[in-house]
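# Examining the three-dimensional arrangement
Each chain is listed here by its residues.
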Amino acid sequence: MPQPHPAEIVRAGAEVRGTQSFVHVMVSVWKRPSLTAIEVLWRWVIGLPSLWLIATCAWRIWLDATGGTADPARLGLARITVTDPFAAAQHIAFAGSQLLPPMQHTAAWLVPLLLAAWVIVAAFGRTAVLRRMDPSLPPRRVALLVLGALRIAFLTATVLLWLRTVLWAGAATVTAPTARGEEPNLVLYFTLIIAATLLIFIAWALTNWVLSIAPMLATLHNLSPWEAIRAATRLGPMRGKLIEINLVMGIVKVSLIVLALVFSSTPLPFESYTSAGFLQVWWAGVVLLYVLFSDYFHVVRMAVSLALCREYDAR
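Heads up: these notes are all about the structure in this document.

What counts, and at which threshold
- Residue indices follow the written sequence of each chain, beginning from 1 at its first position.
- Restriction of local features to residues with pLDDT of at least 70 applies here, the model being predicted, together with a cutoff of 80 or more for giving and counting side-chain atom pairs; totals for whole chains, interfaces and linings are based on all residues.
- Hydrogens and water are ignored here; the side-chain numbers use all heavy atoms of the structure.
- Under the scheme used here, helices are H or I runs from DSSP no shorter than 4 residues and strands are E runs no shorter than 2 residues, and both carry numbers assigned from the N terminus.
- Exposure categories follow from relative accessible area, calculated using a 1.4 Å probe and restricted to protein chains: below 20% of the type maximum is buried, above 50% is exposed, and the middle band is partly exposed.
- Expected helix span is given by 1.5 Å per residue-to-residue step, counting one fewer step than there are residues.
- At every residue, the bend is computed as the angle between two fitted axes, covering the seven residues ending there and the seven beginning there respectively.
- When a carboxyl oxygen of Asp or Glu is within 4 Å of a side-chain nitrogen of Lys or Arg, the pair counts as a salt bridge.
- Between N-to-C directions, angles cover 0 to 180 degrees, with each direction set by a line fitted to C-alpha atoms, over the stretch in contact for helices.
- Under this scheme an angle from 65 to 115 degrees is roughly perpendicular, one under 35 degrees roughly parallel, and one over 145 degrees roughly antiparallel; angles in between are oblique.
- In this scheme, a crossing is called left-handed if the near helix is turned counterclockwise away from the far one by less than a right angle; it is called right-handed if the turn is clockwise.
- Any two residues whose heavy atoms approach within 4.5 Å are treated as being in contact.
- For this scheme, ten residues count as nonpolar: Ala, Val, Leu, Ile, Met, Phe, Trp, Tyr, Cys and Pro. Four count as charged, namely Asp, Glu, Lys and Arg, and the remainder, Gly too, count as polar.

For the chain, the helix and strand inventory stands at 10 helices and 0 strands. Mapped in sequence order, the helices and strands of the chain form the string α-α-α-α-α-α-α-α-α-α. Across its three principal axes, the chain shows a C-alpha extent of roughly 65 × 45 × 40 Å. Burial analysis of the chain (315 residues in total) assigns 37% to the buried set.

Attention shifts here to helix α3 (residues 33-65). Turn by turn, an α-helix covers 3.6 residues, leaving residues three or four places apart pointing in a common direction. Between the first and last C-alpha of α3 there are 46 Å, a value that for 33 residues agrees with the 48 Å anticipated at 1.5 Å per step. At W44, α3 shows its maximal bend, which comes to roughly 30°. At the exit of α3 stands G67, carrying a positive phi of roughly 70°.

As a further point, take the pattern of salt bridges. Across all of its chains, the model carries 3 salt bridges by this definition. Among the ionic pairs, D295 bridges to R43, the shortest N-O distance being 3.3 Å. Note that D295 is positioned in helix α10 (residues 276-314) and R43 in helix α3, a separation of 252 residues in sequence. When its relative accessible area of 5% is taken as the criterion, D295 is described as buried. With a relative accessible area of 11%, R43 lands in the buried category. Its salt-bridge partner being D134, residue R310 comes within 2.7 Å of it at the nearest N-O pair. Linking R310 in helix α10 with D134 in the loop between α4 (85-133) and α5 (141-179), this pair joins segments that are 176 residues apart in sequence. A relative accessible area of 28% means that R310 is categorised as partly exposed.

On to the packing of helix α7 (residues 209-221) against helix α8 (residues 225-232), then. For any two helices packed against each other, one specifies the inter-axial angle together with the distance between the axes. The interhelical angle for the contact between α7 and α8, taken along N-to-C directions, is 120°, at an axis separation of 8 Å. Classified by the angle their axes make, α7 and α8 are oblique. Here the hand of the crossing between α7 and α8 comes out right-handed. Seen from α7, the contacting residues are W209, V210, L211, I213, A214, L217 and A218; seen from α8, they are A228, I229, A231 and A232. Of the residues assigned to the contact of α7 with α8, the class counts are 11 nonpolar, no polar and no charged.

So, in structure tokens, the structure goes:
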């Protein structure tokens, strides 16, 4: 079966509007599996060493905290039970007090190192995907590197805001009432967490489209990173499409996570007929499928951005 010409991805998005273009481009990308293969390749080039380094550091911290025995009982975690959640919380808090300081010390050098490596590899990897998608596109690795670093910084700030919100909700509804001798309000705690998560997620989806489309503008029009960001904020009617597609992509990501959780729990009703080895293989397969489809939709986002930019230029 012959593969479609690279320009077909662009034309597929230019023929229709809004989320319809998203569906057309999604089909076009599906017909060209080499695009997703390149995306998966560059992500695992940096992903596998990163996972190995994180696992090595985590294992070392765990051994140090348990006196070299790796026994969770040393941290009180063996006494956790769902029938006594408050005692379980105390055991977890004790374990956290032992694990958190070395984790923070390690994260101080490990996180910046991994983020820098990710941004560098991503600049080359996404350039390869774009060149495969449309060979006429010029390579703009430095611009993609700078814009990728800005997007990582924005994402980090968003995650830190969410974490601060979680800590504030815990202090207001659990820690403060407990200190006054009152019962913690767990219903209010989870309500605040869910509401804050939804609001921050929507805010992220409504704003990060600027940094998502800027690399494409820099590639198409030979713009510097700062010029690309300014151009991204002056797209006129195309802004609505970008926000719409960005929200759709956010919903798709959430849907993938929900589907992964559902498939992960599918064998549990039959646990008396399955072995631990089967469950490990099953869960590994679910994680692999989630990663593959997540990478596929990253390629779809890039193809949609290219299609919309071509359409905007044509008008």
